[in-house]
Amino acid sequence: MHMGVAENLMGLKKDIPGTVKLVAVSKTKSEAEIMEAYNAGHRLFGENKVQEMIAKQPNLPADIQWHFIGHLQTNKVKFIAPFVAMIESVDRLKVLKEINKQAKANNRTIPCLLQFHIAEEDTKFGLSLAEAEELLASEEYRQMHNISISGVMGMATYTDDMGQVTREFRNLASIFSTLKTNYFSKVSAFSEISMGMSGDYAVAIKEGSTMIRVGSLIFGER
Ligand SMILES: *Cc1c(COP(=O)(O)O)cnc(C)c1O
């Protein structure tokens, strides 16, 4: 088992502003490793696979907030809808409709982030600004009462070129501002910019991130 999770977590928390939320990305990591972070006081965790999240969740403390951060298939939304604290990876209207439907079935509202494709790599999922505006302007979106769009999420290109990473994060921050002005000016819940991982969280925070998603720096390499 990897040792030092609590130390890694404390070091990272010292390094980031208190206003920036930290999602500890626990994908591929054991329940024992998650409990090391939990026992160090951490409550916010992220997983990118539905099967893995629903296998771990019942075995771990109920006050853990689980963020779903991976590509989400419509037919799997029902498995996480009862407990998920936020779905950060909404990349199409169809999946948002299903989240709304399953949230309603569970008598709750599910906070969601719109995921944007900001990287130059074409391997990452996400909306363009035009696609997001089409979604937000649609009658179908207007009819959804069990989801709350809380902001945006994106992943930068996996590169050492921090100039490029800066440009990509700046683009996401600008998308956030545009959407805030045009669609959410009166919606205080629309407040999160989820960007930054182990290799680029410092740049992300400099560019306005309110939520970083960090795995390997806390739990060790996968
Ligand atoms: C795995 C993952 C992370 C964390 O990556 P690290 O490099 O281990 O910090 C963040 N966001 C998403 C969407 C991920 O899939």
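Bear in mind the structure is a predicted one, so any value in this text is a computation, not a measurement. (Residues numbered from 1 in each chain as written. Predicted model: local features only at pLDDT ≥ 70, side-chain atom pairs only at ≥ 80, totals over all residues. Heavy atoms only, no water.)

**Q** Give a detailed account of the overall build of the chain, specifying residues and quantitative values.
**A** A tally of helices and strands in the chain yields 10 helices and eight strands. For 222 residues, the compact-globule estimate of 2.2 N^0.38 gives 17 Å, and the chain sits close to it at 17 Å. Each principal axis of the C-alpha atoms in the chain carries an extent, and together these give about 50 × 45 × 30 Å. Taken over 222 residues, the chain has a buried fraction of 50%. Taking the intrachain contacts of the chain between residues at least 6 apart in sequence as the baseline, contacts between residues at least 24 apart amount to 60%. Of the roughly 10400 Å² of accessible surface on the chain, 52% is carried by carbon and sulfur atoms. A distance of 6 Å separates the average location of the 25 positive side-chain charges in the chain from that of its 26 negative side-chain charges. (Helix = DSSP H or I, 4+ residues; strand = E, 2+ residues; numbered from the N terminus. Rg over C-alpha atoms; globule rule 2.2 N^0.38 Å. Buried < 20%, exposed > 50% of the residue type's maximum accessible area, 1.4 Å probe, protein only. Contact = heavy atoms within 4.5 Å. Areas by Shrake-Rupley, 256 points an atom, 1.4 Å probe, with all protein chains shown as cover. Lys, Arg positive; Asp, Glu negative; His and termini not counted. Charge placed at Lys NZ, Arg CZ, Asp CG, Glu CD.)

**Q** So, the packing of helix α6 (residues 129–137) against helix α8 (residues 162–183): which residues are in play, and what are the values?
**A** For the pair α6 and α8, interaxial distance at closest approach is 11 Å and the crossing angle is 25°. If you check the angle between α6 and α8, you find them roughly parallel. As α6 packs across α8, the resulting crossing turns out to be right-handed. On α8, the residues that touch Leu 129, Glu 133, Leu 136 and Ala 137 of α6 are Ile 175, Thr 178, Leu 179, Asn 182 and Tyr 183. Residues of the contact of α6 with α8, tallied by class, amount to six nonpolar, two polar and one charged. (Axes fitted to C-alpha atoms, helices over the stretch in contact; angles between N-to-C directions. Parallel < 35°, antiparallel > 145°, perpendicular 65-115°, else oblique. Left-handed = near helix turned anticlockwise from the far one by under 90°. Nonpolar A, V, L, I, M, F, W, Y, C, P; charged D, E, K, R; others polar.)

**Q** Any chance you could break down the site of the ligand for me, citing the residues and the numbers?
**A** Near the ligand you find Val 25, Lys 27, Ile 69, Met 155, Met 197, Ser 198, Arg 213, Val 214, Gly 215, Ser 216 and Arg 222, and these make up its full shell. Between the ligand and the protein, one listed contact pairs a nitrogen atom with a side-chain N or O atom of Arg 213 at 2.9 Å. At a separation of 2.8 Å, an oxygen atom of the ligand approaches a polar backbone atom of Gly 215. Relative to its free-state accessible area of 390 Å², the ligand is covered by the protein chains to the extent of 91%. For the shell around the ligand, a count of residues per class yields five nonpolar, three polar and three charged. (Near = heavy atom within 4 Å. Polar contact = N/O pair within 3.5 Å; in protein donor to acceptor, adjacent residues only side chain to side chain.)

**Q** I'd like a rundown of the nonpolar core, residues and numbers included.
**A** Membership of the largest hydrophobic core comes to 62 residues, with the highest contact counts inside it found for Ile 87 and Phe 116. A per-element tally of this core places α8 first, with seven residues. In this structure, Leu 44, Leu 113, Met 153 and Met 211 belong to the second largest nonpolar core, which totals six residues. (Core = buried A, V, L, I, M, F, W, Y, C linked by side-chain atoms within 4.5 Å.)

**Q** Explain the pairing of strand β5 (residues 110–116) to me, and be specific about the residues and the numbers.
**A** Burial within β5 is extensive, with six of its seven residues counted as buried. Each parallel crossover has a hand, and for strand β4 (residues 86–90) linked through helix α5 (residues 93–105) to β5 it is right-handed. For β5 and strand β6 (residues 147–154), the ladder comprises seven bridges, and the chain directions are parallel. Across the sheet, Gln 115 pairs through a bridge with Met 153, a residue of β6. (Right-handed = clockwise from strand over helix to strand, strands pointing away. Pairing = 2+ DSSP bridges.)

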